[in-house]
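# Understanding the architecture of this molecule
Here is how the chains run, residue by residue.
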Amino acid sequence: MATLTVLLALLLFQFPSPGKPGLDPSWEMVLVYAHRHALQFGRDIAFTYGPYGFLTSRFYYDGVPLVKILWESTGKLVLAATLVAMAASNFSSWFRFGLFYLGLIFAAKISPDIVIFLCTPLLALCWLLPPKSKSWQVAVALTWMAFLAQVRFNYFIQALVAIGLVIPSLLLERKSKKLLVIVSSFTAGFVFLWLVAGQAINDLPAYFRSSWEISNGYLAAMAVNRVPITTWGIAAGICLLVVAFILSRLRSQNLRAEKWILLYFCCAWYFIWKYGVTRADTGHIVLFFPTAFVFCAAAPGLFKRRHWWSFLDASLILSLAGLWLFNSGFLRHTPLELAQRLHAVPGELFRPKRQAQRFAAAEAAMEKAHPSKNLGAIVGGETIDVINFDQYFVLREHLNYWPRPVFQSYSAYTPALLKQNLRFYQSSSAPQFVFARLQSVDWRFPAQDDSLLLEELPRRYSITKEANDFLLLHRKPVQPTGGLLREKFPMRHVSFGQEIELPETVNCAVELRAIFRPSIYGAARAFLVQPAEVSLVLTDGKQGQHTGRLIPEMAAAGFLVQPLLESDKDFADFMAARPGRSVRSIRFEPVSATGNCWSQISIQFSKLPELPFGPATAD
């Protein structure tokens, strides 16, 4: 068992890399920055990760702190020991234990995040919910759940559902004392770790509220479908096997004793299913198959099946087949990569000085490959924020980074989050400088991201430096009072494919609000698989067409459609009130024949007289 524990811990170990430009590296660097500067989650930072989220970051800057090394070495060794002990105490056969452990090795090799994601569901199913669990097992499960709940908000939801099922189960058994111990222990552990992280108690409500808003908006905003139909077919096959296993347990003679475990099993599978298929792209679908492998390998043992095999084991073969069809290299290269990793990790662990030198050299090479923007000469010690993302360029120059709550614009998924960022810039806490780029993700129409803030920027900031790939904005000494003036046109209903002419304006910008109401089928599709995608097609003054993905939740808050904002030059013209590209009409199109997912589309145009716009003469 000790050997297996050490082997798993070595595969879980991740030595961080130096920061670099890009979406994921930037938000991971911001988590590190938030830890180093004691930013308050919920008040200063609104994100799906919590105050210990920096420990899972793969990208650091200015060296790697000791607490990160301790987590990667000691912390993950204890985590590996917990998983091995949990499996040994619950799985009655070596065959079941071996399959589960093989799945952990498989998952850890692809991504250690998979193992961490599965920790809370597995601990809840093996040690928290079973009535015959020993006191030390319950204590270990609650400790890990309280800690992981502050690594990522999704893990908190996993733990909250488990605790929520413990409450009625113990109440019905009249074990109020045990219930009080479990609930109070989890709460006390969560609050204690929150305080240890330097967070304020009075920020907890804001943290829960903002994190829930982001997590809830993620499903509609980040859902994409970029995998072949064969991959979908195999994933659906695994899901059907799990559903069949659940139905078989409903007919079990032990159902009365297992009902709460089975209910949480259903919830845990839903977490896993949505984790893999909501964002069905290369980076996420490849995580689904090893996650399903581990969970399905453990499932028969969770319910103490007497047979050493189960029909659910067929899902393990499907998981390997799905990964092979999607990218056979993951499996073909696994043996060699495992051997290389097991050889390299001990050297990294026991030779920290050499590893620190390698990190410094890699960081210097990265800075050479991406020259500095020389922002410090202008910004000095003043506060600065970054729009949309790429915080790397600000953090690498050690500037006084002062982010808005939803610090990457594409993550402001809902009207409430968009308004939260807007209020920050309307307040006296707003940054003095803004490093701004008009960029987005997933082929979105760029003007949607932080749309309310984007409309406010010309009123409150002016261009102090204009480069090819960014603008540096400076806050105006005299700030406007009140919100942006909107002259609203009547709300009306439109349909897909309908060409909609923009209203006549007198040289000012135009905002569009679009409200998409899903049909019953569309709501069910969004809950069970993923929501339908919608495209926005804009026709400019030269009859050219520009297509971008539209996020319905964000579109409900309103965004600019006049002038056309599609590039950094468009954004610079807009900020400087220079003539720009005009838009004649728009239309909405469903993606992949999903028009039946929506029951109604309502739109409303608004003139923005405080934002002047003159069409370019070329139009």
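Up top you'll find the structure we're talking about.
Okay, so let's go over this structure. None of these values were measured; they are calculated from a predicted model. (Residues numbered from 1 in each chain as written. Predicted model: local features only at pLDDT ≥ 70, side-chain atom pairs only at ≥ 80, totals over all residues. Heavy atoms only, no water.)

## Brief notes about the layout of surface pockets
Selection criterion: Only protein atoms enter the 1 Å grid used here, on which a cavity is any set of points holding a 1.4 Å probe that cannot leave and a pocket is any open set flanked by protein within 12 Å on both sides along at least five of seven lines; residues with an atom within 4 Å of a point are listed as lining. Grid points are joined across faces, edges and corners, and a volume is the space filled by probe spheres set on the points. By definition, any uninterrupted DSSP run of H or I lasting at least four residues is a helix, any uninterrupted run of E lasting at least two residues is a strand, and each is numbered from the N terminus.
A volume near 460 Å³ is recorded for the second largest pocket. What lines the second largest pocket is a set of 18 residues, and nearest its centre among them are Pro 130, Pro 131, Lys 132, Ile 261 and Lys 304. At the level of secondary structure, the elements contributing two or more residues to the lining of the second largest pocket comprise helix H3 (66–90), helix H5 (112–128) and helix H11 (255–277).

## Some remarks on a nonpolar patch on the surface
Defined as follows: Patch members must show over 30% relative accessible area and no salt bridge, and they are joined within 9 Å when carrying like charges or within 5 Å when they are nonpolar side chains of Val, Leu, Ile, Met, Phe, Trp or Tyr. Methods summary: accessible areas were calculated by the Shrake-Rupley approach with a probe of 1.4 Å, and residue burial reflects only the protein chains presented. Each reported salt bridge corresponds to a side-chain nitrogen of Lys or Arg within 4 Å of a carboxyl oxygen of Asp or Glu. Residue exposure (1.4 Å probe, protein chains only): buried if accessible area is under 20% of the type maximum, exposed if over 50%, otherwise partly exposed.
Together, Phe 95, Trp 308, Trp 309 and Phe 311 make up an exposed nonpolar region whose accessible area comes to about 440 Å². Take Phe 311: it is sitting in the loop between helix H12 (282–302) and helix H13 (314–326). You can call Phe 311 partly exposed: its relative accessible area is 33%.

## Quick word on the nonpolar core
What counts is decided by this rule: Here, nonpolar core means buried Ala, Val, Leu, Ile, Met, Phe, Trp, Tyr and Cys residues that are tied together by side-chain atoms lying within 4.5 Å of each other. Here, residues are in contact when the closest pair of their heavy atoms is within 4.5 Å.
Formed by 162 residues in total, the largest nonpolar core has its most connected members in Leu 8, Phe 100, Leu 128, Phe 147, Phe 265, Trp 269 and Phe 288. Those residues in contact with Phe 147 that sit more than four places away from it in its chain are Tyr 52, Leu 55, Trp 71 and Leu 193.

## So, the sheet that holds strand S9 (residues 471–475)
Rules: Two strands pair under a simple rule: DSSP has to find at least two bridges between them.
Spatially, the five strands line up as an open sheet ordered S6-S5-S7-S9-S8, and their pairing is mixed. Strands with a single pairing partner mark the edges of an open sheet, and in this sheet they are strand S6 (400–401) and strand S8 (461–466). Pairing of strand S5 (residues 383–387) with strand S7 (residues 433–436), which is carried by four bridges, proceeds in the parallel orientation. Across the sheet, residue Ile 387 finds its bridge partner in S7, namely Ala 436.

## Thoughts on helix H19 (residues 415–426)
Defined as follows: A helix's residues, less one, multiplied by 1.5 Å, set its expected span.
In a regular helix each residue adds 1.5 Å, so 12 residues correspond to 16 Å; H19 covers 16 Å between its end C-alpha atoms and thus fits that length. The set of residues buried in H19 consists of Leu 417, Leu 418, Gln 420, Asn 421, Leu 422, Phe 424 and Tyr 425.

All quantities given are derived from atomic positions and should not be read as evidence of function.
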